Amino acid sequence: MNRQSSTGPRPAIAELNGVSKFYGPVMALNDVTLRLQPGITGLVGPNGAGKSTLIRLLTGQLRPGLGKVRVCGRDAWRAAAKAHIGYCADADAFYEEMSGRQFVRLMARFHGLFGATARKRCEDVLEEVGMADRADRPLAGYSKGMRQRIKLAQALLHDPDLLVLDEPLNGVDPLGRIELLKQLTEIAGRGKAVLVSSHILDEMDRLAQRVLFLCRGRLIASGTLAEVRDMLDDHPLKVCVACNAPRALAARLALHETVHGIQMQGGDRLILQVRPPKEFFPMFSELACQEDFEIRRLEILDASTEAVFDYLMQATHPAAESRRVSAMQPAADR
Amino acid sequence: MTTALAVVQMMLTAVRRMIWSRQTMISLLLLALVSLGCIAWSLRGERDAGDFLQQVLLPMYVAFLLPISCLGFATVGIAGDREEGTLVYLLSTPLPRPLIYTAKFAAALLLALVWSLGGLWVLGTAGGPAGREAVAVAWPAALLATLAYVGLFQWFGAVFRRATIMALGYALFLEVFLGNMPGIIKRVAITFYTQCILFEAAAPLGLPPSGPHSAAIFQPIAGSTAQMILILLAAGFFVLGAVCFSRREYP
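As the structure is a computational prediction, the values presented were derived from the model and not from experiment. (Residues numbered from 1 in each chain as written. Chains lettered and ligands numbered in written order. Predicted model: local features only at pLDDT ≥ 70, side-chain atom pairs only at ≥ 80, totals over all residues.)

(A) Quick look at helix H4 (residues 115–128) of chain A. Residues and elements named next belong to chain A. Relative to the 20 Å expected for 14 residues at 1.5 Å per residue, H4 spans 20 Å between its end C-alpha atoms, a close match to the ideal helical length. Looking only at H4, the buried set comprises Cys122, Val125 and Leu126. All buried residues of H4 fall inside an arc of 100 degrees around its axis, so they share one side. Across from the buried face of H4, at angles greater than 90 degrees, the exposed residues are Ala116, Thr117 and Lys120. The secondary structure elements touched by the buried residues of H4 are helix H3 (100–110) and helix H5 (144–156). (Helix = DSSP H or I, 4+ residues; strand = E, 2+ residues; numbered from the N terminus. Expected span 1.5 Å × (residues − 1). Buried ≥ 20, exposed ≤ 12 C-beta atoms within 10 Å, placed from the backbone. Arc of directions from axis to C-beta. Contact = placed C-beta atoms within 7 Å.)

This is how it looks when you write it as structure tokens:
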């Protein structure tokens, strides 16, 4: 892999250029262009948006109908690219008769690691995913969370530059999720690109530095959450403010053109609709200091992945919004 | 070097998993049933090797047991991983797809050869002296037929989602039905070439016989030609399968 100086532009570990993918007459991906750089990138979209297709293209399981998919400069379909890719598939399939340790060792051998190197690497990754002390049990008896960890371990074996995780948090208990998210952050910190597809949008807020929003095979938005939120001009940012004199603050804010709506929320709270946020926040700080308001709370209400996702769905297909709740997994899963 | 070791490891893993598979149990059961038939046959008076070939090996082994055993091992190599969802692990390794196919082919061939030649030996032993004499003549034909069947059925595994069902349909319809049709239509069946090799090798034992397998009706080709065709079929199916497996998407 060509490594570039950290002072230059960030290198793209994986690239999709004008990629379209057809399943017979169905267009699963439509002219998608993106670059994955070191760090964690979230992949979000409703069912049928093309997330799995995009992941399979990136991991060389599928070939694009049009366009090119490259990982570390190599065609993702080719075997040479696979040495740079770690893939944690969503399918819950293993060689069930093996133990977790046997399975990971076998995968190490398939990746060309043998002898002491393979043993050490296996123990390292099992330790990393928190399975070193439980890996001798048969895979058939593992919980969903343990199976996810073993899948992650086999994906990390060959120290890939691109780690692709399809719904890695499915079935993992809350404590396990926190540990997994921490591990992914550490992996990304080592200069790896991590692509995570998940329907658990709350966790994307904490995890992903960048988010790709897919809908009906099209990449409808990408960037940091703040960047994507800023692009949504039709939806003023909702800001919750709690202060000692809410009525007085509301009267002062009403004079500013960046404030498009004010709603009293009882007690000491105001819900503001502001646009553009970049002009609002400096003005608000200045006002609060000058007028001596005691600001007890300042919170953006709709800049989460979930809120941005909702707005994007409304923008791209209004009817889709009403179906979104049913398209995503039940709230109990989150 | 590490690539070669990885391919060998993949082959050994496939062998280990196939040995303890449902296919082995089914093949074992069928072999046991046919062996019982052989024992019963051998108890019925004076029989010679020609009789054993004609009455036991041709209908029970060549036309039935051999293709069924081969399809069990050859289709499960890739189709089994597809059905279980574990193929993604193999396709995520940095091994070129033709090598993955080769590893699976080698595993299936190894087991199918052990099974077909071992099964032939068991049947010969069960058939008594006549059976043992017939086996000494029949094993080259069984060996070449196994090569061709494994090549064919492994290709089925690479191409069809339900490869075992497709292969069963092929074995029971094309091999049994068309393979016993009069005229040259039977030449589409691997069984035909296996029988041609057998007939030439067993000529001193009185084959080809009279009746439905008489030379006039069966119209055999030369044994050496049949051998060459089976070798070419095996090689051709292997290459075809490797190409299909290398190009095909397995979503």
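(B) Examining the packing of H3(A) against H4(A) more closely. Residues and elements named next belong to chain A. Running from amino to carboxyl end, H3 crosses H4 at an angle of 130 degrees, the nearest separation of the two axes being 9 Å. Relative to H4, the element H3 is oriented oblique. Here H3 and H4 pass one another in a crossing that is right-handed. Residue-level contacts link Arg101, Val104, Arg105, Ala108 and Arg109 of H3 to Ala118, Arg121, Cys122, Val125 and Leu126 of H4. Here the residues of the contact of H3 with H4 are counted per class, giving six nonpolar, no polar and four charged. (Axes fitted to C-alpha atoms, helices over the stretch in contact; angles between N-to-C directions. Parallel < 35°, antiparallel > 145°, perpendicular 65-115°, else oblique. Left-handed = near helix turned anticlockwise from the far one by under 90°. Nonpolar A, V, L, I, M, F, W, Y, C, P; charged D, E, K, R; others polar.)

(C) Structural detail: the interface of chain A and chain B. At the junction of the two partners, chain A supplies 23 residues and chain B supplies 21 residues. Listed by contribution, the elements that provide at least two residues to the side of chain A that touches chain B are helix H2 (79–82), strand E6 (85–88) and H3 of chain A.

(D) Quick peek at the confidence of the model for chain A. Looking at chain A, pLDDT values average 84 and 90% of them are 70 or higher. Across residues 320–334 of chain A the pLDDT falls below 50, and counting only partners more than four positions away or on other chains, this stretch makes 15 contacts in the model. (pLDDT = per-residue confidence, 0-100.)

(E) Expanded view of the pairing of strand E10 (residues 218–223) of chain A. All names here are of chain A. Pairing of strand E9 (residues 210–215) with E10, which is carried by five bridges, proceeds in the antiparallel orientation. The residue bridging cysteine 215 from the neighbouring strand is arginine 218, located in E10. Taken together, E9 and the strand that follows it, E10, pair antiparallel across an intervening segment of two residues, in which arginine 216 is found at a positive phi of about 50 degrees. (Pairing = 2+ DSSP bridges.)

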